[in-house]
Amino acid sequence: LQTVPKTLKKLVNVDTLFLSRNKIGLFPRRLRKQTQLSALYLDYNPLAIKRFPKLNELKKLSIAYGKVVKIPSSIQRLSSLQSLSLAGNQISEVS
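The notes below deal with the structure included here. Small disclaimer: the values here were computed from a predicted structure and weren't measured. (Residues numbered from 1 in each chain as written. Predicted model: local features only at pLDDT ≥ 70, side-chain atom pairs only at ≥ 80, totals over all residues. Heavy atoms only, no water.)

Focus: the overall build of the protein chain
Defined as follows: Secondary structure elements are defined from DSSP: runs of H or I of at least 4 residues count as helices, runs of E of at least 2 residues count as strands, and each element is numbered from the N terminus. Under the scheme applied here, a residue whose accessible area is under 20% of the maximum for its type counts as buried, over 50% as exposed, and between as partly exposed, the area being computed with a 1.4 Å probe on protein chains only. Contact criterion: two residues are considered in contact whenever any of their non-hydrogen atoms come within 4.5 Å of each other. Per-residue and other accessible areas follow the Shrake-Rupley method at a 1.4 Å probe size, with only the shown protein chains counted as cover for residues. Lys and Arg are tallied as positive, Asp and Glu as negative. Neither His nor the chain termini are counted. To locate a charge, take atom NZ for lysine, CZ for arginine, CG for aspartate or CD for glutamate.
Counting its regular elements, the protein chain contains 0 helices and 6 strands. Reading the protein chain from its N end, one meets helices and strands in the order β-β-β-β-β-β. Projected onto its principal axes, the C-alpha coordinates of the protein chain cover approximately 35 × 30 × 20 Å. For the protein chain, the residues scored as buried account for 38% of the 95 residues in total. Across the protein chain, every contact between residues at least 6 apart in sequence was considered, and the portion connecting residues at least 24 apart equals 20%. With the model as given, the accessible surface of the protein chain reaches about 5,800 Å², and the carbon-plus-sulfur share is 49%. Averaging the locations of the 17 positively and 4 negatively charged side chains of the protein chain gives two centres separated by 11 Å.

Some remarks on the environment of F18
Its place among the elements puts F18 in strand β1 (residues 16-18). For the pair F18 and S62, spaced 44 residues apart in sequence, the C-alpha to C-alpha distance is 9.6 Å.

A closer look at the pattern of salt bridges
As a reminder, the rule being used: When a carboxyl oxygen of Asp or Glu lies within 4 Å of a side-chain nitrogen of Lys or Arg, that pair is called a salt bridge.
For the structure on display, the rule yields 1 salt bridge. Across the pair K59 and E57 runs a salt bridge, and its minimum N-O distance is 3.9 Å.

Description of a positive patch on the surface
Rules: Like-charged residues are merged into a patch within 9 Å and nonpolar side chains (Val, Leu, Ile, Met, Phe, Trp, Tyr) within 5 Å, provided each residue has over 30% relative accessible area and no salt bridge.
A contiguous patch of positive charge on the surface is contributed by K6, K9, K10, R29, R30, R32, K33 and R51. Relative to the elements of secondary structure, R29 occurs in the loop between β1 and β2 (39-41). R29 gets classed as exposed once you look at its relative accessible area, which sits at 61%.

Description of the packing of aromatic side chains
As a reminder, the rule being used: Ring geometry is summarised as follows: Phe, Tyr and Trp rings, the Trp one being its six-membered ring, pair when their centres sit within 6.5 Å, and such pairs are stacked at plane angles under 30 degrees, edge-to-face over 60 and tilted between the two. Charges are assigned to positions over rings by a cutoff of 6 Å between ring centre and Lys NZ or Arg CZ, combined with an angular limit of 35 degrees from the ring normal.
Taken as a whole and judged by the stated rule, the model has 3 aromatic pairs. Ring geometry for F18 against Y41: centres 4.5 Å apart, planes inclined by 5°, an arrangement best described as stacked. Here the residue F18 occupies a position in strand β1, and Y41 occupies one in strand β2, the gap between them amounting to 23 residues. A residue is classified by how much of its surface remains accessible, and Y41, at 17% relative accessible area, is buried. For R21, the ring lying beneath its charged end belongs to Y44, and the centroid distance is 4.0 Å.

So this is what it looks like as structure tokens:
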């Protein structure tokens, strides 16, 4: 996968989403409709993050071993986040 399928936005009760080992290049904006999402795995994707969507229930986010170099200040929008994995990225800036 290079993007999150459009049909995903119809699945509003998804709790955990595994999208690891794909070719997703941008943080999926379509996920903002996933109000029940509590765990998101995006490991091993060439991911660039411009802005985090507001995911109020997200507790675990794993974006390890990708191409993340910058963490935007919008990470504060993930107000319930308890676990964040960024291992294996080349992060040089947190803005």
